[in-house]
Amino acid sequence: MKSKSSTALIDQLDYLQLPFLKAHHSELAGEAGRQNWDHQEYLRRLVDGEFSQRQQRCIERRIKAARFPVLKTLEQFRWDWPKKINRLQVQNLFRLEFVPQKANVIFLGTVGVGKTHLATALGYAACLEGHSVLFADAIAVVNDLMAAQKTGSLKRALKKYLRPQTLCLDEVGYLAIDQGGADLLFQVISQ
């Protein structure tokens, strides 16, 4: 049976939304006693666990919000095809220096060379580093913006694509876009 102080602690940890502390404080207290940790070491391990768990949940939320079609990483990329890819240049992009510079990155190539894979992997890497990301098909973006323009909600629709720190537009140039759609897509890319 739990004591009143133990129940109060659990209630407080619930209220403060500290699930790691709630789940592990007792177990770590036992280990602290066995390992002769001082109070600071015990507290450091509790806080480290809570921090790590929150950080992981944030990453998971960013990945979900990014709407990747599938998750891909740079490690999964096949460097043996295509033959003329500049591996060092691509790997350098994964340092993500373009994000704070608000610069554009463009992968050009024929069908099947891995442009979508690299864009997805780059977006995934940005999520892991704490950046907000949105992955979208260019035609879907144009259609969304054109529909929003017709209903007078273009400003709000544009914000959806401008809000993320990294926007991955796939299939740009795959299908023909009329002048109005091209202008709307240009607004997104230029901003």
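Whatever comes next refers back to the structure up there.
Definitions and limits used
- Residues numbered from 1 in each chain as written.
- Predicted model: local features only at pLDDT ≥ 70, side-chain atom pairs only at ≥ 80, totals over all residues.
- Heavy atoms only, no water.
- Salt bridge = Lys/Arg side-chain N within 4 Å of Asp/Glu carboxyl O.
- Helix = DSSP H or I, 4+ residues; strand = E, 2+ residues; numbered from the N terminus.
- Buried < 20%, exposed > 50% of the residue type's maximum accessible area, 1.4 Å probe, protein only.
- Phe/Tyr/Trp six-rings, centres within 6.5 Å; stacked < 30°, edge-to-face > 60°.

Chemist: Looking at this structure, how should I read the pattern of salt bridges?
Modeler: Note that side chains of opposite charge can pair when their charged atoms are close. Inspection of the entire model under this criterion finds seven salt bridges. Between E41 and R44 there is a salt bridge; the shortest N-O distance is 2.8 Å. Of this pair, E41 and R44 both sit in helix α3 (residues 39–66), three residues apart, which is roughly one turn of the helix. Note that E50 and R54 form a salt bridge whose closest N and O atoms lie 3.4 Å from each other. Taken together, the residues E50 and R54, both in helix α3 and four residues apart, mark about one turn of the helix. Its relative accessible area of 5% is what places E50 among the buried residues. A residue is classified by how much of its surface remains accessible, and R54, at 36% relative accessible area, is partly exposed. Through salt bridges with shared partners, one network takes in E41, R44 and R45.

Chemist: Is there a simple way to explain the packing of aromatic side chains in this structure?
Modeler: Remark: the centre distance and the inter-plane angle together describe each pair of aromatic rings, the angle taken between the planes. Here the structure, examined in full by the defined rule, presents two aromatic pairs. With a centroid separation of 6.1 Å and an interplanar angle of 55°, the aromatic rings of F68 and F135 are classed as tilted. Linking F68 in the loop between α3 and α4 (87–93) with F135 in strand β1 (residues 133–137), this pair joins segments that are 67 residues apart in sequence. The class of F68 is buried, set by a relative accessible area of 12%. Consider the rings of F77 and W79, whose centres lie 4.8 Å apart with planes at 75°: the pair is edge-to-face. Judged by relative accessible area, F77 falls into the buried class, the value being 7%.

The values are spatial; any link to function lies outside them.
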